[in-house]
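# Notes for the structure review
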Amino acid sequence: MSAVDLLRQEICEYGRRAVELGLVLGTSGNLSARDGDLVAVTPAGVALDRLTPEMCPVVDVEGHLVEGDLQPSSETPMHLAIYDSTAARAVVHTHSVFGTVVATTMTELPPVHYNALLLGGAVKVAEYATYGTPELAANIRAAMEGRQAALMANHGGVTIGATMEQAFEAARLLEWLCEVYVRGLSVGKPVVLTDEQLAAVVERSLNPPTFPRRPR
Ligand SMILES: [Zn+2]
C-alpha cells in the first residue's frame with residue numbers, strides 16, 4: 001500500500017474518533033495528512049464517521065485533484081496554507097463545542113493550565129472570514145505562527161502535528177483547555193499563568209526529577 005493510501009486509512013480512523021468524541025457534528029470538520037507534495041483530505045459533504053479510504057481525495061500542495069471521485073473538503077485551502085507555512089504533516093479542524101464557545105467570545109484563550117504549552121501557550125483566535133476562502137486561510141496562518149493550534153472566530157478550532165495522532169491529540173487538548181476555561185468562568189475568574197510560571201514549567205520539563213536506585 002502506498003504512503004498516501006495509508007494516510008487515507010488514518011483519516012478514516014481518526015474521522016470516526018472525532019465523531020465518537022463529539023469534536024465534530026454531521027459533515028462538519030475536516031482532516032488531512034501530508035506525504036511529500038501530496039495531501040490526503042476528507043471529502044466535502046460526507047460525515048466523518050462514514051468515510052472509506054477511497055472516498056478521501058488526494059490533492060497536490062498546489063490544490064490540484066490527483067486522486068479520488070469526490071471533491072475535497074471546502075476547507076482544503078486552509079489545510080494547504082498551513083502545510084505551506086509549517087512543517088506539519090497532519091491538520092485537524094473541528095467545530096467542538098467549547099472551542100467554538102471561546103472562538104465566538106474571545107480573541108485569545110489565555111494559558112490557565114500548563115498543558116497549554118503543548119500547543120504553544122496562549123491560543124489565538126484568527127479573525128473571522130467566510131469558510132473556505134483564501135482570506136480565512138491567511139488569517140489562520142497568521143494566528144498559528146509558532147503554535148500547534150488556533151481558534152477560528154465564530155467557527156471552530158484547528159490543530160497540527162507531525163503525525164495524525166499528534167494533530168488529533170492536540171485537538172482533544174485544545175477542546176479540554178477551552179472547556180476548563182469556560183467552566184472556570186462559571187465558578188470565578190480563571191487565573192492566568194504568568195510568563196515566569198510558564199518558563200518554570202519549560203525548565204522543569206527539560207530537567208525532570210531523577211530517582212536513584214536504592215542500594216542493594
Ligand atoms: Zn469548519
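Relevant structure appears above.
Read on for a plain summary of the structure. Computed from a predicted structure; not experimentally measured. By convention here, each chain's residues receive numbers from 1 onward along its written sequence. In keeping with the model being predicted, local features are shown solely for residues with a pLDDT of at least 70 and side-chain atom pairs are shown and tallied solely at 80 or more, while totals for entire chains, interfaces and linings include all residues. Excluded from the side-chain calculation are hydrogens and water; included are all heavy atoms of the structure.

If you tally the helices and strands in the protein chain, you get six helices and nine strands. Our radius of gyration looks at C-alpha atoms and nothing else; its globule reference is 2.2 Å times the residue count to the power 0.38. Computed over its C-alpha atoms, the radius of gyration of the protein chain comes to 18 Å, within 12% of the 17 Å expected for a compact globule of 216 residues. Along the longest, intermediate and shortest principal axes, the C-alpha atoms of the protein chain span 60 × 55 × 30 Å. To sort residues, take the accessible area from a 1.4 Å probe on protein chains only and compare it with the maximum for the residue type: under 20% means buried, over 50% means exposed, and anything in between is partly exposed. When the 216 residues of the protein chain are sorted by exposure, 44% land in the buried category. Starting at the N terminus, helices and strands are each numbered in turn, a helix being any DSSP run of H or I of at least four residues and a strand any DSSP run of E of at least two.

Here we take up unusual backbone geometry. For Asn-154, which is not a glycine, the phi torsion comes out positive at approximately 55°. Relative to the assigned elements, Asn-154 resides in the loop between β8 (149–152) and β9 (156–161).

Salt-bridge detection follows one rule: a side-chain nitrogen of Lys or Arg within 4 Å of a carboxyl oxygen of Asp or Glu. According to the stated counting rule, one finds five salt bridges in the structure shown. With its nearest N and O atoms 3.0 Å apart, the salt bridge here joins Arg-8 to Asp-5. Placement of both Arg-8 and Asp-5 in helix α1 (residues 3–20) is noted, with a separation of three residues, approximately one turn of the helix. The partly exposed category is assigned to Asp-5, whose relative accessible area is 24%. A salt bridge links Glu-169 to Arg-172, with the shortest nitrogen-to-oxygen separation between them at 3.5 Å. Linking Glu-169 with Arg-172, this pair stays in helix α5 (residues 164–185), spanning three residues, or about one helical turn. A residue is classified by how much of its surface remains accessible, and Arg-172, at 36% relative accessible area, is partly exposed.

Let's shift gears to the coordination of the zinc ion. Water is not among the atoms examined, so metal sites may look incomplete; donors are the N, O and S atoms within 2.8 Å of the metal, or within 3.2 Å for Na, K and Ca. Around the zinc ion, the protein contributes the donor atoms His-93 (NE2), His-95 (NE2) and His-155 (NE2), which lie 2.1 Å from the metal centre. For His-93, a relative accessible area of 0% puts it in the buried group.

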